[in-house]
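Structure at a glance
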Amino acid sequence: MKLIERYIAREILLPFTVVLFILVGLYASFVSARLLTGAVTETLGVAALLKLVFLKTLIALEVLIPVALYISVIIGLDRLNKDQELNIIRSVGVSGARIVLTVLTVAIPVGILSGTLSAYARPWAYSESYILDAQAEAELNTNRFQAGRFYGSEKSGR
């Protein structure tokens, strides 16, 4: 890869990592807030709650990675265009097709990563989250509760 291709790839990959971390952080905080407001916190421990947030975030990476790539390509190429660097790159003989090919050399591995997560990690994460939900539902049997009485679990200490 030549210097210009590495420069364009860096201008895309740097915003990609930043945008991906921001999107993952926002989604993880949204999921944790939804889980904390629900009855899940009463049935699950903190470790299981964190595992559930991790699993739901892993499931969402299938969507978050392409969105982050799209935003980073727009940000990176817009910055190059705003600073007139694209005009300079074109004036020294680099064609638009070569710039597109450079963007594709970044996008194809990211797409493969996203596809791999979609094919392997997402089904695993769904099965693990269903197991956690089933354990929480089995531990909290609401049919045995009566109004006006307090109940505790000797096993979990709640």
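For the structure, check the block above.
Structure report, in brief. (Residues numbered from 1 in each chain as written. Predicted model: local features only at pLDDT ≥ 70, side-chain atom pairs only at ≥ 80, totals over all residues. Heavy atoms only, no water.)

Description of the overall build of the chain
Filter applied, for reference: Runs of H or I in DSSP of at least four residues are treated as helices and runs of E of at least two as strands, each being numbered from the N terminus. Categorising residues by exposure relies on relative accessible area from a 1.4 Å probe, with only protein chains included: less than 20% of the type maximum marks a residue as buried, more than 50% marks it as exposed, and the intermediate range marks it as partly exposed. A contact between two residues is defined here by any heavy atoms of the two lying within 4.5 Å. All accessible areas in this document rest on Shrake-Rupley with a 1.4 Å probe, and a residue is counted as covered only by the protein chains that are shown.
For the chain, the count of helices and strands is five helices and zero strands. In the chain, the succession of helices and strands from N to C terminus is α-α-α-α-α. The buried share of the chain, reckoned over its 158 residues, is 31%. Here the analysis covers contacts within the chain between residues at least 6 apart in sequence; of these, 79% occur between residues at least 24 apart. Of the accessible surface of the chain, which amounts to about 10300 Å², a share of 66% is contributed by carbon and sulfur atoms.

Here's the deal with the environment of Trp-124
Tracing the sequence through the fold places Trp-124 in helix 5 (residues 96–139). Counting along the chain gives 66 residues from Trp-124 to Leu-58, while the straight-line C-alpha distance between them is 9.8 Å. The residues contacting Trp-124, other than those within four sequence positions of it, are Leu-55 and Leu-58.

Examining a nonpolar patch on the surface
What counts here: Patch building starts from residues that exceed 30% relative accessible area and form no salt bridge, then joins like charges within 9 Å and nonpolar side chains (Val, Leu, Ile, Met, Phe, Trp, Tyr) within 5 Å. Any carboxyl oxygen of Asp or Glu that lies within 4 Å of a side-chain nitrogen of Lys or Arg is treated as forming a salt bridge with it.
Side chains of Val-63, Val-67, Tyr-70, Ile-71, Ile-74 and Ile-75 sit close together on the surface and give an oily, nonpolar patch of about 530 Å² of accessible area. Mapped onto the elements of the fold, Ile-71 is located in helix 3 (residues 46–82). The partly exposed category is assigned to Ile-71, whose relative accessible area is 32%.

A word on unusual backbone geometry
Phi is positive for Gln-84, close to 65°, though the residue is something other than glycine. Position of Gln-84 relative to the elements: it lies in the loop between helix 3 and helix 4 (85–91).

Focus: helix 3
To be explicit about the condition: To estimate the expected span of a helix, count its residues, drop one, and scale the result by 1.5 Å. We define the bend at any residue as the angle between the axes fitted to the seven residues before and including it, ending there, and the seven starting there.
For helix 3, with 37 residues, the first-to-last C-alpha span of 47 Å runs short of the 54 Å given by 1.5 Å per residue. Largest kink in helix 3: about 50°, centred on Leu-61. Gln-84 lies just past helix 3 and shows a positive phi near 65°.

Observations regarding the nonpolar core
Just so we agree on the cut-off: Nonpolar cores were defined as sets of buried Ala, Val, Leu, Ile, Met, Phe, Trp, Tyr and Cys residues, with membership established by side-chain atoms within 4.5 Å.
With 35 residues, the main nonpolar core has Phe-16, Leu-20, Leu-61, Ile-65 and Leu-69 as its most contacted residues. Within the residue set of this core, elements represented by two or more residues are helix 1 (3–37), helix 3, helix 4 and helix 5. The greatest single-element share of this core, amounting to 14 residues, is contributed by helix 3. The residues touching Leu-61, leaving out its near neighbours within four places in the chain, are Leu-20, Val-24, Pro-66 and Leu-117.

Describing the packing of helix 1 against helix 3
This is how it is decided: A fitted line through C-alpha atoms serves as each axis, taken over the contacting stretch for helices, and the angle formed by two N-to-C directions is quoted from 0 to 180°. Less than a right angle of anticlockwise turn of the near helix away from the far helix marks a crossing as left-handed, whereas a clockwise turn marks it as right-handed. Each residue gets one label: Ala, Val, Leu, Ile, Met, Phe, Trp, Tyr, Cys and Pro are nonpolar, Asp, Glu, Lys and Arg are charged, and the others, such as Gly, are polar.
With their axes 6 Å apart at the nearest point, helix 1 and helix 3 run at an angle of 145° to one another. The two elements helix 1 and helix 3 meet at a crossing, and its hand is right-handed. By residue class, the composition of the contact of helix 1 with helix 3 is 28 nonpolar, four polar and three charged.

Some details on the side chain of Thr-57
Note on placement: Thr-57 falls in helix 3. What makes Thr-57 buried here is its relative accessible area of 8%. Ignoring any residue separated from it by four or fewer positions in sequence, one finds Thr-57 in contact with Val-24, Tyr-27 and Ala-28.

Thoughts on the environment of Glu-5
Which entries qualify depends on this criterion: Any N or O atom pair separated by 3.5 Å or less is treated as a polar contact, with the protein-specific requirement of one donor-capable and one acceptor-capable atom, and with residues adjacent in sequence counted only for side-chain atom pairs.
Its location among the elements puts Glu-5 in helix 1. By relative accessible area, which is 11% here, Glu-5 ends up buried. The spacing of Glu-5 and Thr-102 is 97 residues in sequence and 5.8 Å in space, taken between C-alpha atoms. Setting aside its immediate chain neighbours within four residues, Glu-5 contacts Arg-98 and Thr-102. Reaching out from Glu-5, the side chain makes a polar contact with the side chain of Arg-98 at a distance of 2.4 Å.

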